[in-house]
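Here's the letter readout for the chains.
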Amino acid sequence: MSFTADRLILFGATGDLAQRMLLPSLCALDADELIHPDLKIIGTARSEMDDAGFRDFARKALEKYLPADRRGGMADFLNRLSYQPLDATTLEGYEELAEKAGRTGNGLAIFLSTAPSLFEPTIAGLKHAGLTTGDVRIGLEKPLGVDLESSREINDAVASAFSEDRIYRIDHYLGKETVQNLLALRFANILFEPIWNSNYIDHVQITVGETVGLESRVAYYDDSGALRDMVQNHMLQLLALVCMEPPTSFDATAIRDEKVKVLRALRRVAEGETVTGQYRAGAVSGEAVPGYDDELGKDSDTETFVAIKAHVDNWRWKGVPFYLRTGKRLPKRITEIVVQFRQIPYSIFDGRGAKTQPNRLVIGIQPRENVHLALMAKMPGLDRQGIRLRSVPLDISLPDAFKGPHRRIAYERLLLDLIEGDQTLFVRRDEVEAQWEWIDAIRARWAEEGSEPKEYTAGSWGPSAAIALAERDGVTWHE
Ligand code: BG6
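Residues numbered from 1 in each chain as written. Predicted model: local features only at pLDDT ≥ 70, side-chain atom pairs only at ≥ 80, totals over all residues. Heavy atoms only, no water.

Draft legend 1. Structural context of the nonpolar core. Formed by 115 residues in total, the largest nonpolar core has its most connected members in Val231, Leu239, Ile308, Phe322, Ile337, Leu361 and Trp438. In terms of residue count, the dominant contributor to this core is helix 8 (residues 218-243) (13 residues). Among the domains, domain 1 (7-169) and domain 2 (174-409 + 421-471) are the pair contributing at least three residues each to this core. Each residue touching Trp438, except ones within four places of it in the same chain, is listed here: Val231, Leu236, Leu266, Arg267, Arg268, Val269, Ile308, Ala310 and Leu324. (Core = buried A, V, L, I, M, F, W, Y, C linked by side-chain atoms within 4.5 Å. Buried < 20%, exposed > 50% of the residue type's maximum accessible area, 1.4 Å probe, protein only. Helix = DSSP H or I, 4+ residues; strand = E, 2+ residues; numbered from the N terminus. Domains from an automatic or database assignment. Contact = heavy atoms within 4.5 Å.)

Draft legend 2. Expanded view of the packing of aromatic side chains. What the rule picks out here adds up to 11 aromatic pairs. Arranged with centres 5.7 Å apart and planes meeting at 85°, the rings of Tyr279 and Tyr292 form a pair that is edge-to-face. With Tyr279 in strand 8 (residues 274-280) and Tyr292 in helix 10 (residues 292-296), this residue pair connects regions lying 13 residues apart in the sequence. A residue is classified by how much of its surface remains accessible, and Tyr279, at 0% relative accessible area, is buried. Of the residues examined, Tyr292 reaches a relative accessible area of 1% and is grouped as buried. (Phe/Tyr/Trp six-rings, centres within 6.5 Å; stacked < 30°, edge-to-face > 60°.)

Draft legend 3. Main features of the environment of Leu227. Residue placement: Leu227 occurs in helix 8. Spatially, the C-alpha atom of Leu227 lies 9.0 Å from that of Ala307, the residues being 80 residues apart in sequence. Once residues lying within four places of it in the same chain are set aside, the contact partners of Leu227 are Gln232, Glu303, Val306, Ile308, Ile439, Ile442, Arg443 and Trp446.

Draft legend 4. Region of interest: the pattern of salt bridges. Summed over the entire model, instances satisfying the criterion amount to 42 salt bridges. Linking Asp56 and Lys60 is a salt bridge whose minimum nitrogen-to-oxygen distance equals 3.2 Å. You can see Asp56 and its partner Lys60 sitting in helix 2 (residues 51-65), 4 residues apart, about one turn around the helix. Salt bridges sharing common partners tie together Asp32, Arg70, Arg408 and Glu412. (Salt bridge = Lys/Arg side-chain N within 4 Å of Asp/Glu carboxyl O.)

Draft legend 5. Quick peek at the site of the ligand. Around the ligand, the surrounding shell consists of Lys142, His172, Tyr173, Lys176, Glu210, Arg217, Asp229, Met230, His234, Lys328, Arg333 and Gln366. Interatomic distance of 2.5 Å between a side-chain N/O atom of Tyr173 and an oxygen atom of the ligand. About the coverage of the ligand: the protein hides 82% of its 400 Å² of free accessible area. No other element matches the 3 residues that helix 8 contributes to the shell around the ligand. (Near = heavy atom within 4 Å. Polar contact = N/O pair within 3.5 Å; in protein donor to acceptor, adjacent residues only side chain to side chain. Areas by Shrake-Rupley, 256 points an atom, 1.4 Å probe, with all protein chains shown as cover.)

Draft legend 6. How the structure looks around the sheet that holds strand 8. Strand order across the open sheet formed by 9 strands is 16-15-14-13-7-12-11-8-17, with mixed pairing between neighbours. What marks the edges here is a single partner per strand, and that holds for strand 16 (389-397) and strand 17 (454-457). Taken over all neighbouring pairs, the strand axes of this sheet differ in orientation by 20° on average, direction set aside. Strand contacts of helix 7 (residues 177-187): strand 13 (334-341), strand 14 (360-366) and strand 15 (370-378), with the helix running at about 145° to strand 14, the strand carrying the most contacts. With respect to the sheet, helix 14 (residues 464-471) is in contact with strand 8, strand 11 (305-310), strand 12 (322-327) and strand 17, its orientation differing from that of strand 11 by roughly 15°. (Pairing = 2+ DSSP bridges. Axes fitted to C-alpha atoms, helices over the stretch in contact; angles between N-to-C directions.)

Draft legend 7. Local environment of the packing of helix 5 (residues 119-128) against helix 6 (residues 148-159). Where helix 5 meets helix 6, the closest approach of the two axes is 9 Å, and the angle between their N-to-C directions is 5°. Comparing their axes, helix 6 and helix 5 come out roughly parallel. Judged by residue contacts, Phe119, Glu120 and Ile123 of helix 5 engage Glu153, Ile154, Ala157 and Val158 from helix 6. A class-by-class count of the residues in the contact of helix 5 with helix 6 yields 5 nonpolar, no polar and 2 charged. (Parallel < 35°, antiparallel > 145°, perpendicular 65-115°, else oblique. Nonpolar A, V, L, I, M, F, W, Y, C, P; charged D, E, K, R; others polar.)

Draft legend 8. Looking closely at the sheet that holds strand 4 (residues 108-112). What the 6 strands build is an open sheet, ordered 3-2-1-4-5-6; its pairing is parallel. Each of the sheet's edge strands pairs with one partner strand only, and the pair in question is strand 3 (81-85) and strand 6 (167-169). Across the sheet, the axes of successive neighbouring strands diverge by a mean angle of 20°, strand direction being ignored. Bridge count between strand 2 (residues 40-45) and strand 3: 5 bridges; the pairing is parallel. Each residue of the ladder has a partner; that of Gly43, found in strand 3, is Tyr83. Each of strand 1 (7-11), strand 4 and strand 5 (137-140) is contacted by helix 5, which is oriented at about 160° to strand 4, the strand it contacts most.

Draft legend 9. The packing of helix 1 (residues 16-31) against helix 12 (residues 410-420), seen in detail. Two numbers describe how helix 1 lies on helix 12: the axes approach to 9 Å, and their chain directions differ by 70°. The orientation of helix 1 with respect to helix 12, classified from their angle, is roughly perpendicular. Between helix 1 and helix 12 lies a crossing of right-handed hand. On helix 12, the residues that touch Leu17, Met21, Leu22, Ser25, Leu26, Ala28 and Leu29 of helix 1 are Tyr411, Glu412, Leu415, Leu416 and Ile419. (Left-handed = near helix turned anticlockwise from the far one by under 90°.)

Draft legend 10. Region of the structure containing unusual backbone geometry. Note the cis peptide between Lys142 and Pro143, where omega equals 0°. The topology assignment puts Pro143 in the loop between strand 5 and helix 6. Although it is not a glycine, Glu33 adopts a positive phi angle of roughly 55°. One non-glycine residue, Ser285, adopts positive backbone phi at about 50°. Relative to the elements of secondary structure, Ser285 occurs in the loop between strand 9 (282-284) and strand 10 (287-289). The class of Ser285 is exposed, set by a relative accessible area of 66%.

Pasting the structure below:
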């Protein structure tokens, strides 16, 4: 399985993701000589175009989405590209695609970045053209279904042609350097692991805030909503990395085995443990923006915000709430994990009038990439009126600590791992299914309760009920 692919077929090659992420990532890898000199990239989509047309299309995407200083060697990169138009829903055309990809070489990797409804016919077409045999690998972009049942259908269809060790399910958050750094923080330091449990941790917050609204993804987003778009995948993967037991090695099976245990230990949410919201007109970053209904052009009860109080039922995390929240049109783009430690058991400073605050670790995933630990320190002085203590930050900015290396696009890492055959940062079927099981139960509860999203003003941190969700436990969201 450890071959390096020298042919990569991109389905959905003219789509938004290909333009914004996939082509720029491949070009950036090429500029740094990280992909094999012989790698051929074959784009395919419904649009009629020839090779030259696709190269021109790709050049425009690169000029738009890849910073100029990472475009060195763009002309050589474009020469790797070819294109085969294809209606993925019919078997015709797959033979030509196979011819275009060539039948010999080191090996083939396929990447599907298409609507989920096309997954099954695409697998049928690939089988028909003999593109699934041997050790061909397949990468799958989300969404992989809309619930457990549809995700099983897709997974079954893919499994009918590819064994699990050849399936690479993308969660692009796992390609982010700062997300991978969670593993280093936890398992390359002795400091945190002994206190990484309910004896020392009071609660954890995970926030993924976005300032954007619907963008151009009207139909997809309105059918999906924040729970399925962000929590089912990215946020649950973050939670799994925070909660997992130490794996025995840095390898795909060991890491994914530990993550899936966490996902399976998620307790079904109870009444009152979720809040949903939908944004109304407001202002984000000083600019007036319309409400969701206006952007959509119709009424909708899709949630653009969700906050959840989650629990992981195992020895390590018993009694520690995990507050998750994500939404569109929030005041800032931010992804962070806050680990709030407990108060010290006894303070020697009480008698001297000084209060202590519990330690807090804030892991900034984006846009700030940092690790911030709030520690108590004594304020300088002669202490005639008593000792004064204050919380001071120990703040490590990762870009400052590592000035040399590029900040890479998450897809650079993931595409390279797909080409080279490393599944560690891809999501295994049992993980996806455990994620859906928990999400489906939340949606079933919403349906049973007939709950509707509460309004919030664009540019705010969601409905006030989300603040109350934490405040009633004496917890304040970190802002
Ligand atoms: C995608 C969601 O998976 O992640 C989008 O479909 C969201 O709605 C995006 O905007 C956020 O990704 P990032 O990397 O910008 O945090």
